[in-house]
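Read off the chains here:
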Amino acid sequence: MTAILSCAALDAGYHRRPVVRNLNLDVNPGEIVAILGSNGAGKTTSLLTMAGLLAPLGGSVLLDGKPVNHKRPFLSARSGVQLVPDDKCLFTTLSVADNISFGRRGKAAVDEALSYFPALEKRIKLPAGVLSGGEQQMLVLARALVAEPKVMLIDELSMGLAPVIVQEILRVVRRIADEKRTAVVLVEQHVHMALQIADRATVLAHGDVVLEESAEVLRADPDLLRASYLGRAA
Ligand SMILES: Nc1ncnc2c1ncn2[C@@H]1O[C@H](COP(=O)(O)OP(=O)(O)OP(=O)(O)O)[C@@H](O)[C@H]1O
Ligand SMILES: [Mg+2]
């Protein structure tokens, strides 16, 4: 299978100083790859660079074989990458419906996005600000889905949510990947939950890849992951 998103020897960072070095990552349609690592490891920086919001300092990010346009990040959104950032950026006084169709997408795309989140359908006319944290996170995902992305980059959707809610939302992410063949890069602090739905994981420590492994292997061998967090894995 050809990767829809491909990072090759990617150096990413700020003001010409890389905080992530030599990241190689291919994600196929329908696949979920988790990027794991402690605080400050470089997970968000990697996602921002994949989304075209930061210019690569070295190497490349290809979407469907073409370099992601970091000079015009809206073009990368149009060509199929949706970043779901860790700050939700909702319009809290606008209704759920208006938040979703802000990008003026057709009704069919909106209905399909909502079909993944029945809880939102019931609250469609309410201002986004009155939704629970979990519902707001669903809304952020639904909004991204309406753009019919080929790749979704999801940064810490669990922020401030109860674990059962996180689990429920992650299961929907799995369904989206399976049914819509969306490629997903998932950054998640709840490592255990991320591994339940991911196909593979890449672990960063201080900006270096210290482990790349299938989720199946990591689920079976928690010590492997623990060692990589402590910087002991090759
Ligand atoms: N705007 C910025 N300018 C300069 N350095 C930054 C900037 N944002 C982040 N960094 C630095 O880059 C490194 C990686 O940060 P990043 O936010 O990518 O980590 P992270 O893995 O997402 O961490 P967390 O789990 O806390 O979200 C850190 O050392 C951080 O201080
Ligand atoms: Mg982060």
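Residues numbered from 1 in each chain as written. Chains lettered and ligands numbered in written order. Predicted model: local features only at pLDDT ≥ 70, side-chain atom pairs only at ≥ 80, totals over all residues.

Chemist: When you look at the nonpolar core in this model, what are you seeing that I'm missing?
Modeler: Nonpolar side chains in soluble globular proteins tend to end up buried together. Ranked by size, the top nonpolar core spans 69 residues in total, and within it Ala34, Met50, Ala142 and Leu153 carry the most contacts. In terms of residue count, the dominant contributor to this core is helix H6 (residues 133–146) (eight residues). Apart from residues no more than four positions distant in its own chain, Leu153 is found in contact with Leu47, Met50, Ala51, Val81, Leu83, Val84 and Val185. (Core = buried A, V, L, I, M, F, W, Y, C linked by C-beta atoms within 7 Å. Buried ≥ 20, exposed ≤ 12 C-beta atoms within 10 Å, placed from the backbone. Helix = DSSP H or I, 4+ residues; strand = E, 2+ residues; numbered from the N terminus. Contact = placed C-beta atoms within 7 Å.)

Chemist: Any chance you could explain helix H1 (residues 43–50) here in plain terms?
Modeler: At 3.6 residues per turn, the α-helix brings residues three or four places apart onto the same side. A large share of H1 lies buried, amounting to seven of its eight residues. Of all the residues in H1, the buried ones are Lys43, Thr44, Thr45, Ser46, Leu47, Thr49 and Met50. Looking at the residues trailing H1, positive phi occurs at Gly52, about 85 degrees.

Chemist: Before we go on, may I ask you to explain helix H7 (residues 163–180) in this structure?
Modeler: With 18 residues, H7 should reach 26 Å at 1.5 Å per residue; the first-to-last C-alpha distance of 25 Å fits that figure. For H7, the complete set of buried residues consists of Val166, Ile169, Leu170, Val173, Ile176 and Ala177. Along the axis of H7, the buried positions cluster into a sector of 105 degrees, meaning they face one direction only. H7 presents Val164, Arg175, Asp178 and Glu179 as exposed residues on the side facing more than 90 degrees away from its buried surface. Where H7 is buried, its residues meet strand E3 (32–36), H6, strand E7 (151–155), strand E8 (183–187) and helix H8 (191–197). (Expected span 1.5 Å × (residues − 1). Arc of directions from axis to C-beta.)

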